Amino acid sequence: QQPAKPPAKQPAQAAQPLKDPIVATINGQPVRLSDLEVAQQSLPAQYRSMPLQAVFPALLERIIDSKLVVQEGKKSKTNEDPAFKKRMAFVEEQVLQDFWIQREIAKMVTAEKIQQRYQERLKSLPAEEEVHARHILVSTEDEAKALIAELKKGAAFDKLAKEKSTDPSAKTNGGDLGFFKRDAMVPEFAEAAFTIEPGTVGATPVKSQFGWHVIKVVERRETVPTFEEKEPELRQQVAHEIVTALLADVRSGATIELFNLDGTPKAAN
């Protein structure tokens, strides 16, 4: 009789990553990933929008220092000081205020409301002029004048740009800058580009901080700002209006009495 075969081993299941793992311990006190996520929201705006991984090392060091100081503060019973409790109550109110307002904004600032505001603004938004231009960038005025002379004789603009321009991108795009608005370029370049007739090369070189430019305007057009361009501004505007309305609403249902600095009743206006 053949011995019974041992049961087949079940493939080991890969361990599931924890949703809120511990990323450090400080004198036995755990620091979790969620602690870093909360701390990131206190950073300046440019860091709040970055992936957490990008600020993780520096942020963790900051939290370690903070936790160590907090532990020392608790050892010395600083948290029982009446002045500390007063300040802590103020901070709690500030956080509660911000949390409530942001929650109300999230509920009320909808995509539909922003789109509606954009459609309303379209009626009054002025058209913005855009220019499609090419350029060749060189070091001296004489080089630029020589290139203009070659172009007048029929030389191909993109070929000269690839051969002569000191702008690195010209090697691949032939000096083509695409469409741009006036404020996208340095003033000297923009002034010339928005003056040259479409289909022609500027008669004289243009000097900027980058060197001397030979400019050809390909096309000029008028456009209105897109929804994507205006969305951040409109979102901020609608949010501001909502906060103003919320504050007016809570004030309207409140009983408010005013006193002077010495605690005496303030005279009615």
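Report follows, based on the coordinates. (Residues numbered from 1 in each chain as written. Predicted model: local features only at pLDDT ≥ 70, side-chain atom pairs only at ≥ 80, totals over all residues. Heavy atoms only, no water.)

### Focus on the overall build of the chain
Piece 1. Helix and strand counts for the chain come out as 10 helices and 7 strands.
Piece 2. The C-alpha radius of gyration computed for the chain amounts to 32 Å, which surpasses the reference 18 Å derived for 269 residues by more than 25%, pointing to a less compact arrangement than a globule.
Piece 3. In terms of overall dimensions, the chain has C-alpha extents of about 105 × 85 × 40 Å along its principal axes.
Piece 4. When burial is assessed residue by residue, the chain has 26% of its 269 residues classed as buried.
Piece 5. Long-range contacts, defined here as pairs at least 24 residues apart, represent 62% of the contacts in the chain between residues at least 6 apart.
Piece 6. Summed over its atoms, the accessible surface of the chain is roughly 19700 Å², and 55% of this surface lies on carbon and sulfur atoms. (Helix = DSSP H or I, 4+ residues; strand = E, 2+ residues; numbered from the N terminus. Rg over C-alpha atoms; globule rule 2.2 N^0.38 Å. Buried < 20%, exposed > 50% of the residue type's maximum accessible area, 1.4 Å probe, protein only. Contact = heavy atoms within 4.5 Å. Areas by Shrake-Rupley, 256 points an atom, 1.4 Å probe, with all protein chains shown as cover.)

### Regarding the pattern of salt bridges
Oppositely charged side chains are able to pair whenever their charged atoms sit close together.
Piece 1. Taken as a whole and judged by the stated rule, the model has 15 salt bridges.
Piece 2. Between Glu 229 and Lys 181 there is a salt bridge, with its nearest N and O atoms 3.6 Å apart. Of this pair, Glu 229 sits in helix α10 (residues 227-252) while Lys 181 sits in strand β4 (residues 176-181); the two residues are 48 residues apart in sequence, bridging distant segments of the chain.
Piece 3. Its relative accessible area of 47% is what places Glu 229 among the partly exposed residues. (Salt bridge = Lys/Arg side-chain N within 4 Å of Asp/Glu carboxyl O.)

### A few points about the nonpolar core
Piece 1. Counting 13 residues, the largest nonpolar core has Val 131, Ala 133, Phe 180, Phe 189, Ala 193, Phe 194 and Ile 215 as its most contacted members.
Piece 2. When contributions to this core are tallied by element, the ones reaching two or more residues are β3 (128-138), α9 (187-193) and β7 (211-223).
Piece 3. In terms of residues, this core owes the most to one element, α9, which gives 4 residues.
Piece 4. With sequence-adjacent residues up to four places away left out, Val 131 is seen in contact with Gly 178, Phe 179, Phe 180, Ala 193, Phe 194, Val 217, Glu 219 and Arg 220. (Core = buried A, V, L, I, M, F, W, Y, C linked by side-chain atoms within 4.5 Å.)

That is the geometry; function is a separate question.
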